[in-house]
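Listed here are the chains, written in short residue letters.
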Amino acid sequence: MNNAIARTTALLSTCALLLTGCGDGGGNTPPTSSPTNSSSTPSKTATDTATLSGAIPIGIAVAQTSNVALLGQEEVAGAKLAEKYFNSKGGVNGTPIKLVFQDTSGDEAGAINAFQTLINKDKVVGIVGPTLSQQAFSADPIGERAKVPIIGPSNTAKGIPEIGDYVARVSAPVSVVAPNSVKAALKQNPQLKKVAVFYAQNDAFSKSETEIFQQTVKDQALELITVQKFQTSDTDFQSQATNAINLKPDLVIISGLAADGGNLVRQLRELGYKGLIVGGNGLNTSNLLPVCKALCDGVLIAQAYSPEHPGEINAAFRKAYTDEYKKEPPQFSAQTFTAVQVYVEALQALDKKSKVNKLQLPELRTELNKQILAGTYNTPLGEIGFTPIGEVVQKDFYVAQIKMEKDGSKGKFTFLK
């Protein structure tokens, strides 16, 4: 990966943005923050030069609190299932892994603090996280300076792998995934002409995603009739929804989070909009369903994961998830399971070349990073690998449509053929 880290050394002050697992894409300079000591190079301690003893610690830095926890909880579930599964298979050639969880909450400062703790106190070999791309732009440079591998499980904004040499992701970029849902809408209704776009202007990922959606609208020779902005903290969308409905759109596209996006869907339907709705990656969670209930029905969302994907590892993951949670696994759980899997299999491969428990921690982290980028992995997402800069290489993508019971009590994502 290139050394674009120099552009992101100043880190963002706390700003409670509610952002999806994504970030600033539109070529804008990522926001930054600077908690105490966050911009200084971590000093080497005696334990940095020690070798591993016992289980191999891997950090999980995702949102367990704040509204972003609607996404982070799914990531925690995927990580815990991976820990149990791979340890049952012998871990890293007989040595178990140990996941160390730190809560990033929903803002940049929380992610920075989580990364600092995992690196300097918990001495992890690598980190899975954070939940949001906005957080990644602020926290990933911490790992980059410490030369600790980072795998983003849900960071899909433009520019994430370019943060530094130690930054990779298993979440396909929004530019690859988002257009699929618009194409699916056109397949369902080839007569679509007029499109209204909504996006959360305080969410860096939503700003990134909406640019992709708007470009896709143009590429498909559709008419973009209005762009309506909102905040992720908003609950009343009457003005924006009314403005759009008065222009008689055939398709509405929403980039936001589960709570705000779900309320927007609900209010659009309540105000009489009957056309198709496409939701972005922030709406890609079953936690959306209790927000708009029966009015969620029909929303289209592009996917980087399908529970029906063939393969032994996905079958095992799907069974473990449904046994534990009594529902189909969501994308964020599958991606986090995959991120842990990449660490385990890279450690296994490295251990065969030089025993990981004989390497001092800095060398282990460096060699592990090289091995991660060199490998290919058969995961619940399908076969994946990485480009030299850490971008995920993935073949299979999908579109799902929400199907709700008439009383709104239950719903599910139905994958389109």
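As the structure is a computational prediction, the values presented were derived from the model and not from experiment.

(A) Layout of the sheet that holds strand 1 (residues 56-62). In space, the five strands of this open sheet follow the order 2-1-3-4-5, with parallel pairing throughout. Each end of this open sheet is capped by a strand with a single partner; those strands are strand 2 (97-103) and strand 5 (167-169). In the sheet, strand 3 (residues 127-128) pairs with strand 4 (residues 150-152) via two bridges, with the strands oriented parallel. The residue of strand 4 that forms the bridge with V128 is I151. Where helix 2 (residues 108-120) meets the sheet, its contacts fall on strand 1, strand 2, strand 3 and strand 4, and the angle it forms with strand 2 comes to roughly 150°.

(B) Spatial organisation of the sheet that holds strand 14 (residues 398-404). The seven strands are arranged 7-6-8-9-10-14-15 in an open sheet whose pairing can be described as mixed. Two strands bound the open sheet, and with one partner strand each, they are strand 7 (223-230) and strand 15 (411-415). Adjacent strand axes in the sheet meet at a mean angle of 25°, parallel and antiparallel pairs treated alike. Relative to strand 7, helix 7 (residues 238-245) is tilted by about 175°, and along the sheet it contacts strand 6 (194-200) and strand 7.

(C) Molecular detail of empty space enclosed by the protein. Taken as a whole, this structure holds two cavities of 30 Å³ or more when the rule is applied. One number sums up the size of the largest cavity: a volume of about 120 Å³. Along the wall of the largest cavity there are 18 residues; nearest its centre are V177, A178, E209, N281 and A302. Elements represented by at least two residues in the lining of the largest cavity include exactly helix 4 (174-177), helix 6 (204-219), strand 10 (300-303) and helix 11 (331-353).

(D) Examining the side chain of Q331 more closely. Its location among the elements puts Q331 in helix 11. Only 2.7 Å separates the side chain of Q331 from the backbone nitrogen of A304, close enough to count as a polar contact. Among all residues touching Q331, those that are not within four sequence positions of it are N281, N284, A302, Q303, A304 and Y305.

(E) Representation of the confidence of the model for the protein chain. Residues with a pLDDT of 70 or more make up 88% of the protein chain, whose mean pLDDT is 89. Residue range residues 1-47 is modelled with pLDDT below 50. Its contacts to residues more than four positions away, or to other chains, number 150 contacts.

(F) Layout of the pattern of salt bridges. Counted under the stated rule, the structure contains nine salt bridges. As a salt-bridge pair, E391 and R169 come within 2.7 Å of each other at their nearest N and O atoms. Of this pair, E391 sits in the loop between strand 12 (382-386) and strand 13 (392-394) while R169 sits in strand 5, and the two are 222 residues apart along the sequence. Across this residue pair, the class does not change: E391 and R169 are buried. K370 is paired through a salt bridge with E367; the nearest N and O atoms lie 3.3 Å apart. Placement of the pair is K370 and E367 together in helix 12 (residues 361-374), with a separation of three residues, close to one helical turn.

(G) Highlighting the packing of helix 2 against helix 3 (residues 133-146). Relative to each other, helix 2 and helix 3 sit at 25°, their axes nearing to 8 Å. Classified by the angle their axes make, helix 2 and helix 3 are roughly parallel. Viewed along their axes, helix 2 and helix 3 form a crossing whose handedness is right-handed. Only Q134, Q135, S138, A139, D140, I142, G143 and A146 of helix 3 make contact with helix 2, whose side of the interface consists of E108, A111, I112, F115, Q116 and I119. Of the residues belonging to the contact of helix 2 with helix 3, the class tally is seven nonpolar, five polar and two charged.

(H) Region of interest: helix 6. Look at helix 6: 23 Å from first C-alpha to last across 16 residues, which is about the 22 Å you get at 1.5 Å a residue. Regarding helix 6, the residues found buried are A204, F205, S206, S208, E209, T210, F213, Q214, T216 and V217. Here helix 6 starts with a cap whose side-chain oxygen sits 2.9 Å from the backbone nitrogen of F205, and that cap is D203. One or two steps after helix 6, the chain reaches A221, where phi turns positive at roughly 60°.

(I) Representation of the environment of A302 in the model. Topologically, A302 is positioned in strand 10. Look at A302 and you get buried, because its relative accessible area is 5%. When the C-alpha atoms of A302 and N281 are compared, they prove to be 7.3 Å apart, with 21 residues separating the residues in sequence. Apart from residues no more than four positions distant in its own chain, A302 is found in contact with V177, N180, S181, N284, Q331, Y398 and V399.

Analysis parameters
Residues numbered from 1 in each chain as written. Predicted model: local features only at pLDDT ≥ 70, side-chain atom pairs only at ≥ 80, totals over all residues. Heavy atoms only, no water. Pairing = 2+ DSSP bridges. Helix = DSSP H or I, 4+ residues; strand = E, 2+ residues; numbered from the N terminus. Contact = heavy atoms within 4.5 Å. Axes fitted to C-alpha atoms, helices over the stretch in contact; angles between N-to-C directions. 1 Å grid on protein atoms, 1.4 Å probe; cavity = no way out; pocket = protein on both sides within 12 Å on 5 of 7 lines; lining within 4 Å. Points joined across faces, edges and corners; volume = space filled by probe spheres on them. Polar contact = N/O pair within 3.5 Å; in protein donor to acceptor, adjacent residues only side chain to side chain. pLDDT = per-residue confidence, 0-100. Salt bridge = Lys/Arg side-chain N within 4 Å of Asp/Glu carboxyl O. Buried < 20%, exposed > 50% of the residue type's maximum accessible area, 1.4 Å probe, protein only. Parallel < 35°, antiparallel > 145°, perpendicular 65-115°, else oblique. Left-handed = near helix turned anticlockwise from the far one by under 90°. Nonpolar A, V, L, I, M, F, W, Y, C, P; charged D, E, K, R; others polar. Expected span 1.5 Å × (residues − 1).

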